[in-house]
Amino acid sequence: MERKKDFINQINETTAKHGLNNYNQFNVFRTMFKMTEEKPLHSRFIAFLLNPQGTHGRGAKFLELFLEELEMPNFRLDGVTVVPDEAGKSELDNIDILIRNAHNEAIIIENKIFAGDSNKSDLEFEKNNIYDPNNPNRFQLPRYHNKVTAKGFKVVRILYLTIDGKLPSFHDEFPQCVKDLLIRKEHLKHIQQWLTRCISELVDDSDLKRAIVQYKQASLEFLNDIQLAWDLKTITAANLDEGYNFWINKEIEGVNHAELVLAQFKHVKWHTVHEFFSNLGDCISEAFNVKVSEIENDKITALTHRDVKTRISLSFPKNEVLYYVCNDSNGFSIGIVKESKCDEDYQKILEKRYANFDFNATQVFDLIDPSCSDELIDKIVLECQAFVSKKELKIAVNKRF
C-alpha cells in the first residue's frame, strides 16, 4: 500500500510540474505540422529567424541574440549567410543549419530532439555496402566538419542542440579537433530563452510576433511532452507492479487528471520501444563491427500511438550478406534479407513472447525498466551471433565444394 501511495504521489508531482492540464489550446504549428519533424519545421523556422536576409525584416538582430544566448558572441556578422533559407528550403551537405560569414568562418548546428545522431559513412556504405571502422567520415559531426573545412571555411563552433544537453553518440571516438569545437545546449532552456528574447524585441503586435509566440508555445509543449514521457517512464521503471496496475489495469484512484495522464502512456510506450531498438542497434553494431539501419520511427508511432500491429526491423550487412532482426506477430526473429526465403534463411526466437510489443503482456511492460530491456537485448544479440556464424559456416562449405 505504501509503495502504491508513493507511486501515485510521484505521478501527481510530475504531471503538476509539467502543467499537463494546460494543454490542448489551438496552435497553428500543431495544426499544420508534425511536431516531430526536426528539419521541415524546427530547423527551418530557427534558420529563418537567424538569417539576416530573412523576410522577418529584423536584419541580424535575432542572430545576435542567438549568439549571445548560446555563448558564441565572437562570431563576426558581416557577410553572414544561413542555410537553409526561405528560397532554397534545403540543407547543405545534410547539415541542419550552417552559418557562414565573409571571413570564411562557419558554425555548424546539429538539431536533435530525440533522434539519434547518424553514424552512416557518407555514400560509401550505400554504394559499396562497405563499413570501415577507421573511416573519418563514419560519424556525423566529424563528417560535417570535414565537408565544411574542405570548402575553405574554418569551423569555429559545432552546436549540438538536444532536449537535455546530452553528448552525441560515439563522442569518445571523435577527432580531438571536433571535440574542442563542440558545445551542447538545450532546447527547453536555451532555445526557449532565445525565442523569449526575440519576442521582446518586437514591441508592436505583428504577424511575425504572433508566429514566434505560437512556435515557442508549440515547441515548448512538444518538448515538454517528451520530457514528461521520460519522467513517467523513469517512475514506472522503478515501480513496475504499481505502474502495471495504473497504466494497464486502470487503477486510477488518487491520480489527478487521471484521463489526461493515462493518455500519456502512448508516449511512454514510444520511448520504450525506440530506446530498445536504438540500444539493440548499438549492440549489434558493436558485436559485428557493422553499420545498422536507421530506426523506423513511423512504424514505432503506428504501433504505440494507433495500436497498428506492424513489423519493426533493423538490418545489418556482414560479409556481403544482409541480415535482419525484427519484431512482429511472431515476436522476434532473425534472418537474411532476400526476396524468397526458405526455412533455413530465418529463425524465430524467444517463443513469441514479445509479439508486436503488446504492453498488456507483463514481459513487454517490464521493458520500461532499462535493466530488463538490456537483458533481452543481450539474448537477441547472442542469438544473432549464433545464426550468423551458422550461415557463414554453410556459405564457406558451399564455396569449398
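Located above this text is the structure these notes cover.
What this report covers is the structure whose coordinates are included nearby. Not measured: the values here are computed from a predicted model.

Focus on the overall build of the protein chain
Each helix and strand counted, the protein chain has 15 helices and nine strands in total. Against the globule reference of 21 Å for 401 residues, the protein chain gives a C-alpha radius of gyration of 24 Å, in line with a compact fold. Each principal axis of the C-alpha distribution contributes one length, and for the protein chain these read about 70 × 65 × 35 Å. A total of 401 residues make up the protein chain; the buried ones form 49% of that total. For the protein chain, the share of sequence-separated contacts (at least 6 apart) that also reach a separation of at least 24 residues comes to 63%. Of the accessible surface of the protein chain, which amounts to about 19,600 Å², a share of 48% is contributed by carbon and sulfur atoms. Each charge class in the protein chain can be summarised by its mean position, and for the 52 positive and 61 negative side chains these summaries are 3 Å apart.

Digging into the sheet that holds strand 8 (residues 331-336)
Spatially, four strands are ordered 6-7-8-9 in an open sheet, and the strand pairing comes out antiparallel. The outermost strands of the open sheet, each flanked by one partner alone, are strand 6 (312-318) and strand 9 (346-349). Pairs of neighbouring strands in the sheet enclose a mean axial angle of 15°, with direction left out of account. In this structure, strand 8 lies alongside strand 9, joined through four bridges in antiparallel fashion. Paired with isoleucine 334 across the bridge in strand 9 is glutamine 347. Each of strand 6, strand 7 (321-328) and strand 8 touches helix 12 (residues 265-288); the most contacted strand, strand 6, lies at about 10° to it.

Here's the deal with the pairing of strand 2 (residues 97-100)
Consecutive residues of a regular strand have side chains that alternate between opposite faces of the sheet. With burial as the criterion, each face of strand 2 is covered, one bearing Ile97 and Ile99 and the other bearing Leu98 and Arg100. Where strand 1 (residues 81-83) lies against strand 2, three bridges are found, and the strand directions are antiparallel. Paired with threonine 81 across the bridge in strand 2 is arginine 100. When strand 2 meets strand 3 (residues 105-111), the two strands line up antiparallel, connected through four bridges. Opposite arginine 100, over in strand 3, you have alanine 106 as the bridge partner. The hairpin formed by strand 2 and strand 3 contains four residues between the paired strands, and asparagine 104 there has a positive phi angle of roughly 60°.

Thoughts on the layout of surface pockets
For the second largest pocket, the calculated volume is near 380 Å³. Phe33, Pro40, Arg44, Phe45 and Phe48 are the residues nearest the centre of the second largest pocket, which is lined by 16 residues in total. At the level of elements, helix 2 (28-32) and helix 3 (38-50) are the ones that each hand at least two residues to the lining of the second largest pocket. No other element matches helix 3, which puts six residues into the lining of the second largest pocket.

Looking at the packing of aromatic side chains
Inspection of the entire model under this criterion finds 22 aromatic pairs. Between phenylalanine 66 and tryptophan 194 the ring centres are 5.1 Å apart and the planes differ by 80°, which places this aromatic pair in the edge-to-face class. A residue pair is termed long-range when its members are at least 10 positions apart, and phenylalanine 66 in helix 4 (residues 61-69) and tryptophan 194 in helix 8 (residues 187-201) qualify at 128 residues. Taken together, the ring pairs in this structure connect Phe7, Tyr244, Phe246, Trp247, Phe265, Phe359 and Phe365 into an aromatic cluster. A cation over an aromatic ring shows up here: arginine 311 above the ring of tyrosine 324, its NZ or CZ 5.0 Å from the ring centre.

Structural notes on a nonpolar patch on the surface
Together, Phe26, Val28, Met32 and Phe33 line one region of the surface with nonpolar side chains, adding up to about 430 Å² of accessible area. Mapped onto the secondary structure, phenylalanine 33 falls in the loop between helix 2 and helix 3. Overall, phenylalanine 33 belongs to the partly exposed group, its relative accessible area being 33%.

Some details on helix 12
The terminal C-alpha atoms of helix 12 lie 34 Å apart, and with 24 residues this matches the ideal 34 Å at 1.5 Å per residue to within 8%. Of the residues flanking the end of helix 12, it is asparagine 289, one or two places downstream, whose phi is positive at about 55°.

A word on helix 6 (residues 140-150)
Regarding helix 6, the residues found buried are Gln140, Leu141, Pro142, Arg143, Tyr144, His145 and Val148. Those residues of helix 6 that are buried lie in contact with strand 2, strand 3, strand 4 (154-162), helix 7 (176-181) and strand 5 (182-186). Glycine 152, located one to two residues past helix 6, shows a positive phi value of around 95°.

Here's the deal with the packing of helix 1 (residues 2-17) against helix 10 (residues 240-247)
Contact geometry of helix 1 with helix 10 gives a least axis separation of 10 Å together with a crossing angle of 65°. Viewed along their axes, helix 1 and helix 10 form a crossing whose handedness is right-handed. Facing helix 1, whose interface residues are Arg3, Lys4 and Phe7, helix 10 presents Glu242, Gly243 and Phe246. Residues belonging to the contact of helix 1 with helix 10 are distributed by class as follows: two nonpolar, one polar and three charged.

Rules used throughout
Residues numbered from 1 in each chain as written. Predicted model: local features only at pLDDT ≥ 70, side-chain atom pairs only at ≥ 80, totals over all residues. Heavy atoms only, no water. Helix = DSSP H or I, 4+ residues; strand = E, 2+ residues; numbered from the N terminus. Rg over C-alpha atoms; globule rule 2.2 N^0.38 Å. Buried < 20%, exposed > 50% of the residue type's maximum accessible area, 1.4 Å probe, protein only. Contact = heavy atoms within 4.5 Å. Areas by Shrake-Rupley, 256 points an atom, 1.4 Å probe, with all protein chains shown as cover. Lys, Arg positive; Asp, Glu negative; His and termini not counted. Charge placed at Lys NZ, Arg CZ, Asp CG, Glu CD. Pairing = 2+ DSSP bridges. Axes fitted to C-alpha atoms, helices over the stretch in contact; angles between N-to-C directions. 1 Å grid on protein atoms, 1.4 Å probe; cavity = no way out; pocket = protein on both sides within 12 Å on 5 of 7 lines; lining within 4 Å. Points joined across faces, edges and corners; volume = space filled by probe spheres on them. Phe/Tyr/Trp six-rings, centres within 6.5 Å; stacked < 30°, edge-to-face > 60°. Lys NZ or Arg CZ within 6 Å of the ring centre and 35° of its normal. Patch = residues over 30% accessible without salt bridge, like charges linked within 9 Å, V, L, I, M, F, W, Y side chains within 5 Å. Salt bridge = Lys/Arg side-chain N within 4 Å of Asp/Glu carboxyl O. Expected span 1.5 Å × (residues − 1). Left-handed = near helix turned anticlockwise from the far one by under 90°. Nonpolar A, V, L, I, M, F, W, Y, C, P; charged D, E, K, R; others polar.

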